[in-house]
Amino acid sequence: MNKAIQAVRGMNDLLPEDVVYWQRVEATAQDVLNEYGYREIRLPVVERTELFARSIGSHTDIVEKEMYTFEDRNGDSLTLRPEGTASAVRAGIENGLLHNQVQRWWYAGPMFRHERPQKGRYRQFHQIGVEAYGIAGPDIDAEMILLTSRLFKRLGLSGLRLELNTLGTPESRAAYRARLVAYLRQHLDALDEDSRRRIDTNPLRVLDSKHPDAQDILRKAPSLLEHLDGESRAHFEELRALLDASGIDYQINPRLVRGLDYYSRTVFEWLTDRLGAQSAVCAGGRYDGLVELLGGKATPAIGFAIGLERLVELVRQLGVPTDDIGPQIYLVPAGVPMATALQLAESLRDLNLRVECHCGGGSQKSQWKRAERSGARYVVQAETPTQVTVKDLRGNEGQRSLSYGDAGAYLAARFGTCGDSSNTSIRAEN
Ligand code: HAM
């Protein structure tokens, strides 16, 4: 294929056989979010570049080297959103929804980062983001973690581990930062080039370095936890008590610092060993200073985002069949005119059955081949304007000849559905 019209590296098609898993994950997430009182907000995919530079931080990897930034026809610098929190805050301020109010929001959609693509890391990827505004205490931190835990359980996932840290306030972090920089300067030899460069710009991120030579030095580095201000310490301890009381397991990771500058106090990540190098499935934390930084009135805030490619892959690995999506019945018109077949399919759908009706003609053999490939459990072959053959393709019910009405009743009973039978013009043997 001509390379010029191939998909952009790191930006993938999601094919129908993938999308069944995506739909399951998205529907489950929406149910859980609904159960916790979160409401959906839809935000633009493109924002002014300045929004991300100011909120994520000009010395972060995202802003320094990963954003898709371009000038539009007016000469304005715009950026494809690399994440959703900045937009949520912007929208909240712009629409007057944050000051003195409590908001619980979620959003979903594509994000764009020019990272080196590998399994689990893409240039266009998708997140479900969740944000809460106006609640300062650790109760909401705990509730968010409970929400994620419930979602993973609902999806049948186990083995995800929660790591937790606190970054304190900007003031307590500044004091720590000075000590950390002094320590890192004593150990420059053990640090990779990227880490050395970061000492001056974003020293806390050095703690996150995966470079093998640096691990020993970083383990022994001064800990942020020892430099916490009293309020941040109390917040963290209360959060821990709430999680303990709720039976949520976690590990404290004093080196968990996150790659975006807006965080303060609580930060957390849910990690897995099942996705190779890209282990973070969900990550977030508190960002109490961001609303004010972007021009709003000071508003406490916390949130997280789930990487959907990663979560969907974990669900796919479970190998749970996708019976809840796709046709249950494949209808082969065989001996009846197409108009009758279409009406029969409609009458089965009136019973809330999922029916794929064969269209496009072809030999009987090719129609049955399509039926087998459709994933449907039953084939309904319309033999005459009153009789069908129902064949079980995957179980041991065999084949039976039924009237249209009896076929509908039989299949509805098999799938436990019922529907609006007043509407089934073709139901009775007519
Ligand atoms: P983040 O840690 O940059 O945080 O991203 C959250 C999640 O998105 C990651 O844990 C990962 O699962 C997924 N993710 C990130 N980059 C990629 C990529 N290149 N390919 C595939 N998946 C990726 C945020 O974006 C914050 N806005 C989260 C937040 C919301 N904090 C507060 N509110």
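Every value quoted in this text rests on a predicted model; they were computed, and no experiment measured them. (Residues numbered from 1 in each chain as written. Predicted model: local features only at pLDDT ≥ 70, side-chain atom pairs only at ≥ 80, totals over all residues. Heavy atoms only, no water.)

**Student:** With reference to specific residues and values, describe helix H14 (residues 364-373).
**Tutor:** When we look at burial in H14, the residues that qualify are Gln-367, Trp-368 and Ala-371. Seen from one end, H14 has its buried residues packed into an arc of 95 degrees, which puts them on one side. Those residues of H14 that are exposed and aimed more than 90 degrees away from the buried face are Lys-365, Glu-372 and Arg-373. Tucked into the core, H14 has its buried residues touching strand E12 (329-332), strand E14 (378-382) and strand E15 (387-392). Positive phi appears at Gly-375, one or two residues downstream of H14, with a value of about 85 degrees. (Buried < 20%, exposed > 50% of the residue type's maximum accessible area, 1.4 Å probe, protein only. Helix = DSSP H or I, 4+ residues; strand = E, 2+ residues; numbered from the N terminus. Arc of directions from axis to C-beta. Contact = heavy atoms within 4.5 Å.)

**Student:** Explain the pattern of salt bridges to me, and be specific about the residues and the numbers.
**Tutor:** Taken as a whole and judged by the stated rule, the model has 28 salt bridges. Notably, a salt bridge pairs Arg-316 with Glu-313, separated by 3.3 Å at the nearest N-O pair. Highlighted residues: Arg-316 and Glu-313, both in helix H12 (residues 308-317), separated by three residues, approximately one helical turn. On the accessibility criterion, Arg-316 (29% relative accessible area) is partly exposed. Glu-313 gets classed as partly exposed once you look at its relative accessible area, which sits at 22%. Linking Asp-392 and Arg-377 is a salt bridge whose minimum nitrogen-to-oxygen distance equals 2.8 Å. Highlighted residues: Asp-392 in strand E15 and Arg-377 in the loop between H14 and E14, separated in sequence by 15 residues. Where salt bridges share partners, they join Asp-18, Lys-119, Glu-313 and Arg-316 into one cluster. (Salt bridge = Lys/Arg side-chain N within 4 Å of Asp/Glu carboxyl O.)

**Student:** Got a sec to walk through empty space enclosed by the protein? Specific residues and values, please.
**Tutor:** In total, this model carries one cavity of 30 Å³ or more according to the counting rule given. Taken as a whole, the largest cavity encloses approximately 30 Å³ of empty space. As for the largest cavity, its lining consists of Ala-29, Leu-33, Ile-128, Val-130, Leu-147, Leu-151, Phe-304 and Ile-306. Only helix H1 (16-35), strand E6 (124-133), helix H5 (138-154) and strand E11 (301-307) provide two or more residues apiece to the lining of the largest cavity. (1 Å grid on protein atoms, 1.4 Å probe; cavity = no way out; pocket = protein on both sides within 12 Å on 5 of 7 lines; lining within 4 Å. Points joined across faces, edges and corners; volume = space filled by probe spheres on them.)

**Student:** How would you summarise the sheet that holds E11 if you had to cite specific residues and measurements?
**Tutor:** Ordered by their spatial adjacency, eight strands build an open sheet running E1-E5-E6-E11-E10-E9-E7-E8, and the pairing between neighbours is mixed. Taken across any chain shown, the strands that pair with only one partner, and hence form the sheet edges, are strand E1 (39-40) and strand E8 (251-252). The strands touched by H1 are strand E5 (103-112) and E6; relative to E6, the strand with the most contacts, the crossing angle is about 5 degrees. (Pairing = 2+ DSSP bridges. Axes fitted to C-alpha atoms, helices over the stretch in contact; angles between N-to-C directions.)

None of this, on its own, says anything about what the molecule does.
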